[in-house]
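Analysis of the macromolecular model
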Amino acid sequence: MQFSGFVLVRTFTNPQGHTDTAFVARFELDTTSANEIINNSIFRLRLTDLQLRYSKIKMTKAQKNNLNMDIEIAFKTSYVNELGQLFDNVELGKFYVLLREAPVDKLNPAYAHYYDSLKGTRVDGRSFIVPRSFGYYKDANGVVGKSYSQGSYSISVKVTESANDRFVTKVLADNGDRSLI
C-alpha cells in the first residue's frame, strides 16, 4: 500500500483579491490496526491536524462565534479485473469528521484547546484498499506476462459549515441509525 495520507486545503479570494487559506486538514493512514489492513483489506484514517482560519458562514452574536462543520471523504476507483471486466467509479469507502461548537475566533481561549484535542483522533469510517488493474506486458524478449497497475483512485471531499443548531439535528437524523429514529 503506497497511500500514506493527504492534505485538504480550502482557499478563497480575500477582499484584497488574493487567494487565502480558509482551513487546512491533514489526514494520515491509521497504522494501529495493521492486521485489519492485511487480513481484511480495510484501512482507516487519523486526523493529524486541523487549522480553521476563516469560515464562509455569517454568524450572529447570539451564535457565539462557533460553527458546526461536517467533512465527508469518499474514496473511489476504476479498475479492470483479470476477466477483463471494467469497474468504473466504484466507491471503496467513506470517512466522516463531525465538528460541533468549533471556535472560529483564534483569540478565544478555547480555540487552541479545541483544535489540539483533535490531533491524532481516528476518523469515523473505513475504506477498502484500492484494487489494482490487471493487464499484460511484453518484456525485451517478446514474452508476454501478467501485470498489475499501481492502483488509481480519487478522493472527493464535501465540507458543510453551519452556525445553526438545527443543522446538527438534521445531520444526526440523516446519518443516524434509522432503527433508532
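Residues numbered from 1 in each chain as written. Predicted model: local features only at pLDDT ≥ 70, side-chain atom pairs only at ≥ 80, totals over all residues. Heavy atoms only, no water.

**Notes on the pattern of salt bridges**
As a reminder of what qualifies: Salt bridges are defined as contacts in which a side-chain nitrogen from Lys or Arg sits within 4 Å of a carboxyl oxygen from Asp or Glu. Only runs of H or I of at least four residues qualify as helices and only runs of E of at least two qualify as strands under DSSP, and these elements are numbered from the N terminus. The classification of residues rests on relative accessible area computed with a 1.4 Å probe and restricted to protein chains. Under 20% of the type maximum is buried, over 50% is exposed, and intermediate values are partly exposed.
By the definition in use, this model includes 10 salt bridges. For the salt bridge of E72 with K94, the shortest nitrogen-to-oxygen distance reads 3.2 Å. Here K94 lies in strand β6 (residues 86–103) and E72 lies in strand β5 (residues 66–80), a separation of 22 residues in the sequence. For the salt bridge of K119 with D116, the shortest nitrogen-to-oxygen distance reads 3.5 Å. Accessibility expressed as a relative area gives 45% for D116, which makes it partly exposed. When salt bridges with common partners are traced through the structure, they connect D30, E36, R44, R46 and R122 into a single cluster.

**Thoughts on the sheet that holds β5**
Just so we agree on the cut-off: Paired strands, as defined in this entry, are two strands with at least two bridges between them according to DSSP.
Overall, antiparallel pairing links the five strands, which are arranged β3-β8-β6-β5-β11 in an open sheet. If you trace the sheet from one side to the other, it starts and ends with β3 (42–43) and β11 (153–162), each paired once.

**Let's talk about the packing of aromatic side chains**
Put simply, the test is: Ring pairs are drawn from Phe, Tyr and Trp, using the six-membered ring of Trp, whenever the two centres fall within 6.5 Å, and their geometry is named by plane angle: stacked under 30 degrees, edge-to-face over 60, tilted for the rest.
Per the counting criterion, the structure on display carries 15 aromatic pairs. A centroid spacing of 6.3 Å and a plane angle of 75° characterise the contact between F6 and F75, whose relative ring orientation is edge-to-face. Remark: F75 occurs in strand β5 and F6 occurs in strand β1 (residues 5–13); sequence separation between them is 69 residues. Across this residue pair, the class does not change: F6 and F75 are buried. Taking the centre distance of 5.2 Å and the plane angle of 70° together, the rings of F12 and Y54 count as edge-to-face.

**Observations regarding the pairing of strand β10 (residues 144–148)**
As a general feature of sheets, a regular strand has side chains that alternate between the two faces. Examined bridge by bridge, strand β9 (residues 134–138) and β10 share five bridges and lie antiparallel to one another. In the strand pairing of β10, G135 is matched with S147. Connecting β9 to the next strand, β10, in antiparallel fashion are five residues, including G142 with a positive phi near 85°.

**What about the environment of Y115?**
Selection rule: By the convention used here, residues are in contact when the closest approach between their heavy atoms is within 4.5 Å.
Tracing the sequence through the fold places Y115 in helix α2 (residues 109–118). Sequence spacing of Y115 and L50 is 65 residues, and the spatial spacing of their C-alpha atoms is 6.4 Å. What Y115 contacts, discounting residues up to four positions off in sequence, is L50, L52, A102 and P103.

**Concerning the confidence of the model for the protein**
Formally: pLDDT measures the predictor's confidence residue by residue and takes values from 0 up to 100.
Per-chain confidence: the protein averages 83 in pLDDT, with 87% of residues scoring 70 or above. Of all the helices and strands in the protein, helix α3 (residues 165–175) carries the lowest mean pLDDT, 53, while strand β7 (residues 121–122) carries the highest, 94.

**Concerning the sheet that holds β1**
The cut-off we apply is this: Only the contacting stretch of a helix is used when fitting its axis, a line to C-alpha atoms as for every element, and angles between N-to-C directions run 0 to 180 degrees.
Judged by pairing direction, the sheet is antiparallel, and its four strands sit side by side in the order β1-β2-β4-β7 without closing on themselves. The sheet is open, and its two borders are formed by β1 and β7, each paired with just one other strand. The pairing of β1 with strand β2 (residues 19–29) spans nine bridges and is antiparallel. What sits directly across from L8, in β2, is A25. Packed onto the sheet, α2 meets β4 (45–52) and β7 and runs at close to 160° relative to β4.

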